[in-house]
Amino acid sequence: MEQVLALRTGASLEASTGSCTFCGSERVVYFRRYSGERLCARCFNRSMVDRVRRTISKYNLLRPWDRIAVAVSGGKDSLSLLKILSEIERDYPRASLVAITIDEGIPVYREEAIRHAETYAEKLGIELRRLSFKELYGFTLTEAVESGAMEKMGLKPCTVCGVLRRKAITLAARRVGATVVATAHTLDDIVQTYLLNVFRGDASMAPVGLRREGEGVVPRVAPFRLTPEREVVFYAYLNKIPFQAEACPYASQAMRDPIRRFLTSYEETYPGALYAALNTLEKLIQAKPQPQHPCPTCGEPTTRPICRACEIEEAIKRHMRR
Ligand SMILES: [Zn+2]
Ligand SMILES: [Zn+2]
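Residues numbered from 1 in each chain as written. Chains lettered and ligands numbered in written order. Predicted model: local features only at pLDDT ≥ 70, side-chain atom pairs only at ≥ 80, totals over all residues.

### Examining the sheet that holds strand 7 (residues 220-221)
Working step 1: In space, the five strands of this open sheet follow the order 5-4-3-6-7, with parallel pairing throughout. With partners counted over all chains shown, the strands left at the sheet margins are strand 5 (128-132) and strand 7, one partner each.
Working step 2: Pairing between strand 4 (residues 96-103) and strand 5: five bridges, direction parallel. Within strand 5, the position partnered with A99 by the bridge is L128.
Working step 3: Running over the sheet, helix 8 (residues 157-175) touches strand 3 (67-71), strand 4, strand 5 and strand 6 (180-182) and is turned about 140° from strand 4. (Pairing = 2+ DSSP bridges. Helix = DSSP H or I, 4+ residues; strand = E, 2+ residues; numbered from the N terminus. Contact = placed C-beta atoms within 7 Å. Axes fitted to C-alpha atoms, helices over the stretch in contact; angles between N-to-C directions.)

Put into C-alpha cells, the structure is as follows:
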C-alpha cells in the first residue's frame, strides 16, 4: 500500500525503507528528499499543518482577529488549504473562516468543481459563498470566448479568466466582510510565477502571497508558499479529499508548462532548489518595490493607469455590445 501511494504521488520509494523520523513508526508513507525526513501518515499530516503555522508566523500573514476568506476552486490545493486552515483557526477564537468560490460560467467543468467545494466545505462546517462572472460582469467566460472578443484582443481565455477571477475574489471577499484572502498558491506556483515574469521581461514584479495592506485593499496571502506542490498532492490523497482532477477545457499553459517542467526536474536532481530560488528571487524583488496607486475605476491597487481587470472587462463589454 505504501509503495502504491508513493508511486502515485511521485514520492520516492526510499519512503518504504526505515522508520518515521519523528515517531519511529515503521509505517513510513513519505520521504522528504530535501530534508531526508521519513514520515508516517500521522507525522506527515502534522508536519503539513505545522509548516503552514510557521509560514503564517514567519511572514506575518494572518492576525488573530482576521475574517479569512479562503479562495476555493474545488481543486486539491484549495480544498487541502481549507482543511488545514480550519484546523489552525480553532486555536484563534476571534478569527473566522469563510470559503469563497467564483463561478466563471464554464458549463460542466465548473459545476463539478463547485460540487466538490460545496460538499467538502459542508463536511468541514465552513460557510461557502458563490459569486459568478455573470452577476459581476454581465457575461460568463464562455459567452466572452464565443463572442470573439478575446481573439480580437489577442488574449487567451486563461489570461482573461485569471485577471477577472482575481478581481471577483476581491469583490466576494468584500461582500463577506473578509479582512484577508487566503489563496492556495504553493511554493512551485510562486517560483513559476516569478520566473514567468522574468522570461516575459516584466520587471514590475511584486511579491506573491505576502500581506500588503493599503487603504481599501483586501490583502492576499498564500499560506502554502513554503509547501511544495507534490506534498499538497500527497496530502489530498492521504486525506481522501475529493477534488476535481480534470483540466479546464480552456486551459492553455503554453508559457507556464516549460517552466514547470524545468523546475520539477531541477528540484528532482537538486532537492531544495525551489526554496533557494524563492529566497533569492524575493530578496531581489523586495529591494525594489513598485509604486502603486488605486485604479480610478475600481479602487484596487495597480501600477497601470487603470487596472488590468477593469481594462479587460470594459473591452469585452464594448465588443459584446456591438
Ligand atoms: Zn511518525
Ligand atoms: Zn480597476
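### Some words on the environment of R129
Working step 1: Residue position: R129 is located in strand 5.
Working step 2: A tally of 17 C-beta atoms within 10 Å means that R129 is categorised as partly exposed.
Working step 3: Between the C-alpha atom of R129 and that of V108, which follows or precedes it by 21 residues, the distance is 19 Å.
Working step 4: Apart from residues no more than four positions distant in its own chain, R129 is found in contact with V98, I100, A172 and V176. (Buried ≥ 20, exposed ≤ 12 C-beta atoms within 10 Å, placed from the backbone.)

By themselves, these figures tell us nothing about what the structure is for.
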